[in-house]
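What follows is each chain in one-letter form.
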Amino acid sequence: MSKEMPATPMLDELESGPWPSFVSGLKRLAAAEDKPYAPMMKDLLGQLERSYETRKGYWKGGTVGVRGYGAGVIPRFSELAGEFPESAEFHTLRIMPPAGMHYTTDILRQLCDIWEKYGSGLVALHGQSGDIMFQGIRTANVQPCFEEFNALGFDLGGAGAGVRTSISCVGAARCEQSCFDEARAMRMIVNSFLDEMHRPSLPYKFKFKFSGCANDCANAIQRSDFAVIGTWRDDLRIDQDEVKTYVAKNGRKWMIDQVIAMCPTRALSLNDDDTLAFDGESCVRCMHCINAMTKAIKPGDERGVTILLGGKRTLKIGDQMGTVIVPFLRLETDEDYEALLDLARRVVDFFVENALEHERIGESIERIGLVNLLEAVGLELDPNMVSHPRTNSYVRTDGWEEEAAKWRARKGSAEAAD
Ligand code: SF4
């Protein structure tokens, strides 16, 4: 006799609002009587209803994994196993997505078929880590399920104190603002750090993320320890005929309110003949004008990346955005990509040797100072490495000009050597 659907009056409330509810999805899976996971999902709903009644979570951790890996499976055992035996084990498999999250429908169907065979049918594309989250599998099914995913070309992602699953934005394949080959950079880094991902041996988690431009669709600046964000170092490319078309269509007021006034550094102004005047020295490459007038303004031709360190959500010292450690790195040739990998390796080695247990690299930088980190990983100081804009206008600037002249001279000779 098939298991009965549990009564879930509190969960039902969650379906009454205007938005689609995850409860409907769980119920759909629980009602699929011809599928092997239906009893598991019924017990899951029962336990979840209990959690809403008592305001308590009933999951506890444990140790579950696949052979040769020390990460990638998030164990979940129920404290209410006696009452809800079918969902007593409800582990999550973290599977790495392809770079740019490009799938064929055929691959998606095959992933779903494997998951229906071994797991609960519940899939989240994608978790905040970037992984495909296959949620709900019994311990005995973990190894054979992973082997089938692996045969399809997929691998487990990261978890615990190691390098975590990486993500890149959709990138050059579909976005004209892309300033480097995100998929190549991501694959290169992931392949190089697979050991640190699958067998965690760092003081704490370490995340790489890749965004093709400063729109930062991968949330790299907020959510990654090592953010690689596309940019350019020459001037914007402005098509003045297209600018005139925008003005003709939207009016000068729109242009001034929505584009000129919203440039954070006032690098743009509108000429009398409805063309744009542009001050390249002042542009901070924020992408606003490009987003507003995509047909008229494009990133420059000399493209590469800015690298930032230390972004993270709240841990010991609050949310942090990444700090620029490399203002511009050209990313075109094989050597350029090697240079990126080399820097990533130096940073991770520094993190392994110097971070305290359970400390993100952003916290290490706060503790030891950016200057010390730069020295340790062999980077030159650069005035573009601003971790926080100056908020006090009363700052003595004695000697600044002399220091700036020295830096320009050093930079000039380094570029000449390039
Ligand atoms: Fe201004 Fe940003 Fe456009 Fe540069 S990219 S001109 S800073 S709006």
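Residues numbered from 1 in each chain as written. Predicted model: local features only at pLDDT ≥ 70, side-chain atom pairs only at ≥ 80, totals over all residues. Heavy atoms only, no water.

Asks: Report on the sheet that holds strand S15 (residues 323-330), specifying residues and quantitative values.
Replies: The 5 strands are arranged S7-S8-S9-S14-S15 in an open sheet whose pairing can be described as mixed. The two strands at the open ends of the sheet, each matched to only one other strand, are strand S7 (167-168) and S15. Relative to S15, strand S14 (residues 303-309) is paired through 5 bridges, and the arrangement is antiparallel. Considered in S15, the bridge of Gly 304 is made with Arg 330. (Pairing = 2+ DSSP bridges. Helix = DSSP H or I, 4+ residues; strand = E, 2+ residues; numbered from the N terminus.)

Asks: Just give me the short version of the site of the ligand, but keep the residues and values in it.
Replies: Taken together, 14 residues sit near the ligand, with Cys 263, Cys 283, Val 284, Cys 286 and Cys 289 positioned nearest. In this structure, the ligand is accommodated by the largest cavity. In terms of residue class, the shell around the ligand is made up of 11 nonpolar, 2 polar and 1 charged. (Near = heavy atom within 4 Å. 1 Å grid on protein atoms, 1.4 Å probe; cavity = no way out; pocket = protein on both sides within 12 Å on 5 of 7 lines; lining within 4 Å. Sits in = over half its atoms within 2 Å of the grid points. Nonpolar A, V, L, I, M, F, W, Y, C, P; charged D, E, K, R; others polar.)

Asks: Please set out the domain arrangement of the protein residue by residue, giving values where relevant.
Replies: Put simply, an interface is often sized by how much accessible area is lost when its parts join up. We note that the domain assignment places domain 1 (64-77 + 87-151), domain 2 (167-233 + 302-417) and domain 3 (237-298) within the protein. Computed from C-alpha coordinates alone, the two centres of domain 2 and domain 3 are separated by 29 Å. Tallying the contact residues gives 9 residues for domain 2 and 8 residues for domain 3. Both faces considered, domain 2 and domain 3 share a buried interface measuring about 770 Å² in area, 50% of it formed by carbon and sulfur atoms. The largest per-residue losses of area from domain 2 upon contact with domain 3 belong to Gln 177, Asn 215 and Trp 232, which jointly make up 58% of the total buried on that side. The interface formed by domain 2 and domain 3 includes 1 salt bridge. (Domains from an automatic or database assignment. Contact = heavy atoms within 4.5 Å. Buried area = accessible area lost by both parts, 1.4 Å probe. Salt bridge = Lys/Arg side-chain N within 4 Å of Asp/Glu carboxyl O.)

Asks: Residue-level account of the environment of Arg 187, with values.
Replies: Mapped onto the secondary structure, Arg 187 falls in helix H6 (residues 182-192). Among the residues examined, Arg 187 registers a relative accessible area of 33% and is labelled partly exposed. Sequence-wise, Arg 187 and Ala 99 are 88 residues apart; in three dimensions their C-alpha atoms are separated by 6.9 Å. (Buried < 20%, exposed > 50% of the residue type's maximum accessible area, 1.4 Å probe, protein only.)

Asks: Residues and numbers for the pattern of salt bridges, please.
Replies: The tally for this structure, following the rule as stated, stands at 27 salt bridges. Here Arg 396 ties to Asp 398 by a salt bridge, and the two come within 2.6 Å at their closest N and O atoms. Linked by salt bridges that have partners in common, Asp 12, Glu 15 and Lys 27 make up one network.

Asks: Describe the packing of aromatic side chains, with residues and values.
Replies: Here the structure, examined in full by the defined rule, presents 9 aromatic pairs. Ring centres of Phe 193 and Phe 208 lie 5.2 Å apart, and the angle between their planes is 40 degrees; on these two criteria the pair is classed as tilted. Taken as a pair, Phe 193 in the loop between H6 and helix H7 (194-198) and Phe 208 in strand S8 (residues 208-211) lie far apart in primary sequence, 15 residues in all. These aromatic residues form a ring-pair network of at least three members: Phe 193, Phe 206, Phe 208, Phe 226 and Phe 351. Here the basic side chain of Arg 345 rests over the ring of Phe 193, its NZ or CZ set 4.0 Å away from the ring centre. (Phe/Tyr/Trp six-rings, centres within 6.5 Å; stacked < 30°, edge-to-face > 60°. Lys NZ or Arg CZ within 6 Å of the ring centre and 35° of its normal.)

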